[in-house]
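# Observations on the three-dimensional arrangement
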Amino acid sequence: MTAAPSPVPVPSPTDGLLTLLTTPDGEIDAGADPAALELLGTLVADTLRAHAVGVVVSWNDPDDAVLAHVVARELGVPSRRASLDLGRLELDGPPLAGAVVAVVATSFTPRPRALEPLARLLAGAGASAVHAARLRPSPSTELDVHGRGADA
């Protein structure tokens, strides 16, 4: 069994930006304020830049895909989508061939959007390392980035 990703200290975006994107039920709506999402995506990319990310992966969910697009654009790397189809976790596109991967999501809950199954899929597809960034709206908003080698 693989170890859970360990936290990497990162600067937190301002509560005000996420407040603009957070719905009354606590979810992030990427379309609520495109300028705020652009800025948050840039902050995520700036944080991930130190990890030499070569591919950005997100769940095949509209809000996650928009966030991943902004992050990938800022990093100058391709983005890929993961999906759950009839109980099978799949990644679009070719094998990752040793790439350092950043998984970007507005949330890794509820299941089946958990990080660990996706990290295992990426390792099986050839990722050399997996880092994860999620935007988490809460009273103490922060940007979480976790990382580990794919074989850890």
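What you see as residue numbers is a count from 1 along each chain, following the sequence as written. Reporting of local features is limited, given that this is a predicted model, to residues whose pLDDT is at least 70; pairs of side-chain atoms are given and counted only at 80 or more, and all residues count toward the totals for whole chains, interfaces and linings. Hydrogens are left out, water is left out, and the side-chain values use all remaining heavy atoms of the structure.

Only buried residues count toward a nonpolar core. Its members are Ala, Val, Leu, Ile, Met, Phe, Trp, Tyr and Cys residues joined through side-chain atoms within 4.5 Å. Note on classification: 1.4 Å probe, protein chains only; a residue is buried when its accessible area is under 20% of the maximum for its type, exposed when over 50%, partly exposed between these limits. In terms of nonpolar packing, the biggest core is built from 22 residues, with L21, L48, V53, V56, V71, L75 and V104 touching the most fellow members. Only DSSP runs of H or I reaching four residues or more are called helices, and only runs of E reaching two or more are called strands; each is numbered from the N terminus. Sorting the residues of this core by element identifies α2 (34-48), α3 (62-75), β5 (100-105) and β6 (129-136) as the ones contributing at least two each. If one sorts the elements of this core by residue count, α2 sits on top with six residues. Ignoring sequence-local partners within four residues, the contact set of V56 consists of A68, V71, A72, L75, V77, P78, S79, R80, A102 and V104. Formed by 19 residues, the second largest nonpolar core is a distinct cluster that contains A82, L91, A105 and A119. Contacts were defined at the residue level, with two residues in contact if any of their heavy atoms lie within 4.5 Å.

Let us now look at the side chain of S58. By secondary structure assignment, the location of S58 is in strand β2 (residues 55-59). Leaving out residues up to four positions away in the same chain, S58 has contacts with D64, A65, A68, R80, R81, A82 and V104.

With that settled, consider the environment of A114. Among the secondary structure elements, A114 is positioned in the loop between β5 and α4 (115-124). Classification of A114 as buried rests on a relative accessible area of 10%. With residues near it in sequence (within four places) discarded, A114 still touches W59 and F108.

This part is about the pattern of salt bridges. A carboxyl oxygen of Asp or Glu within 4 Å of a side-chain nitrogen of Lys or Arg is what we treat as a salt bridge. Counted under the stated rule, the structure contains five salt bridges. Of the charged contacts in the structure, one is a salt bridge between E38 and R73, with a shortest N-O distance of 2.6 Å. One end of the pair, E38, is in helix α2; the other, R73, is in helix α3, and 35 residues separate them in sequence. According to the relative accessible area criterion, E38 is partly exposed, its value standing at 32%. With a shortest N-O distance of 3.5 Å, R80 and D92 are connected by a salt bridge. Residue R80 is found in strand β3 (residues 79-85), and its partner D92 is found in the loop between β4 (88-91) and β5; the two are separated by twelve residues along the sequence. By relative accessible area, which is 37% here, D92 ends up partly exposed.

These figures capture arrangement, not role.
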